[in-house]
Amino acid sequence: MFCENFLSFNNFVLTEIIQGYYYHQYQNNAMGLYELLEKSGDVADAGQDSIGCEFFYQLLNMMDKSYDIISSRNFIDKITYYFTPLSVAAMEQKRRLEMATVEDLIDCNQSLK
């Protein structure tokens, strides 16, 4: 039961969940905006994200051309719109893992084989 619920609670791929966790770190001032976009682009490049790495590199290029763009409402809205649902899913996944028992994790591992 745990494994089914854990694996199907959202429609995001693992790389998007990782990006959501990065966004959570950004929101808590554990990383900067440039680092958020750079790491998210690297992760997207390795996965099957719905948006692809080009999205992040485009935003990075915009920042490189004019750092003042980070105060643009449109720029911030793009970032918020993309990352917010991923962050929510990442924090839910984290919560579920923290609540999981050893038996839950063993059962999940066995059902994936």
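Here, every reference points to the structure presented above.
Presented here is a report on the structure given in the accompanying data block. (Residues numbered from 1 in each chain as written. Predicted model: local features only at pLDDT ≥ 70, side-chain atom pairs only at ≥ 80, totals over all residues. Heavy atoms only, no water.)

### Quick word on the environment of Ile79
Working step 1: Mapped onto the secondary structure, Ile79 falls in helix H5 (residues 73-99).
Working step 2: Using a relative accessible area of 3% as the deciding quantity, one classes Ile79 as buried.
Working step 3: Measuring from C-alpha to C-alpha, the distance between Ile79 and Leu37 comes to 9.0 Å, with 42 residues separating the pair along the chain.
Working step 4: The contact partners of Ile79, leaving out residues within four places of it in the chain, are Tyr23, Leu33, Leu36, Leu37 and Leu59. (Helix = DSSP H or I, 4+ residues; strand = E, 2+ residues; numbered from the N terminus. Buried < 20%, exposed > 50% of the residue type's maximum accessible area, 1.4 Å probe, protein only. Contact = heavy atoms within 4.5 Å.)

### Here's the deal with H5
Working step 1: Over its 27 residues, H5 extends 38 Å from the first C-alpha to the last, a length consistent with the 39 Å expected when each residue adds 1.5 Å.
Working step 2: At Phe83, H5 is bent by approximately 35 degrees, the largest bend along its length, and proline Pro85 sits one to four residues beyond.
Working step 3: Burial in H5 covers these residues: Phe75, Ile79, Tyr82, Phe83, Leu86, Ser87, Ala89, Ala90 and Gln93. (Expected span 1.5 Å × (residues − 1). Bend = angle between axes of the 7 residues up to and from the residue.)

### What about the pattern of salt bridges?
Working step 1: One pass over the full model with this rule turns up five salt bridges.
Working step 2: Across the salt bridge formed by Asp77 and Arg73, the nearest N and O atoms sit 3.0 Å from each other. You can see Asp77 and its partner Arg73 sitting in helix H5, four residues apart, about one turn around the helix.
Working step 3: The class for Arg73 is exposed, based on a relative accessible area of 57%.
Working step 4: In this structure, the salt-bridge partner of Glu98 is Lys94, at a minimum N-O distance of 2.8 Å. A residue pair is termed a helical-turn pair when its members lie 3 or 4 positions apart in one helix, as Glu98 and Lys94 do in helix H5 at four residues.
Working step 5: A relative accessible area of 36% places Lys94 in the partly exposed class.
Working step 6: Three or more residues are tied together by salt bridges with common partners; here these are Glu92, Arg95 and Arg96. (Salt bridge = Lys/Arg side-chain N within 4 Å of Asp/Glu carboxyl O.)

### What to know about the packing of aromatic side chains
Working step 1: In the structure shown here, the tally under the stated rule is seven aromatic pairs.
Working step 2: Between Phe56 and Tyr82 the ring centres are 5.5 Å apart and the planes differ by 75 degrees, which places this aromatic pair in the edge-to-face class. One end of the pair, Phe56, is in helix H4 (residues 53-65); the other, Tyr82, is in helix H5, with 26 residues separating them in the sequence. In this structure, Phe56 and Tyr82 share a single accessibility class: buried.
Working step 3: Here Phe56 and Phe83 contribute two aromatic rings whose centre-to-centre distance is 5.9 Å and whose plane-to-plane angle is 50 degrees, an arrangement assigned as tilted. (Phe/Tyr/Trp six-rings, centres within 6.5 Å; stacked < 30°, edge-to-face > 60°.)

### Observations concerning a negative patch on the surface
Working step 1: The grouping of Glu38, Asp42, Asp45 and Glu54 at the surface amounts to a negative patch.
Working step 2: The element best represented in the negative patch is helix H3 (residues 33-46), accounting for three residues.
Working step 3: Counting through the fold element by element, Asp45 comes out in helix H3. (Patch = residues over 30% accessible without salt bridge, like charges linked within 9 Å, V, L, I, M, F, W, Y side chains within 5 Å. Areas by Shrake-Rupley, 256 points an atom, 1.4 Å probe, with all protein chains shown as cover. Lys, Arg positive; Asp, Glu negative; His and termini not counted. Charge placed at Lys NZ, Arg CZ, Asp CG, Glu CD.)

### As for the environment of Glu98
Working step 1: With relative accessibility at 56%, the residue Glu98 sits in the exposed group.
Working step 2: Among the polar contacts made by the side chain of Glu98, one reaches the side chain of Lys94 at a distance of 2.8 Å. (Polar contact = N/O pair within 3.5 Å; in protein donor to acceptor, adjacent residues only side chain to side chain.)

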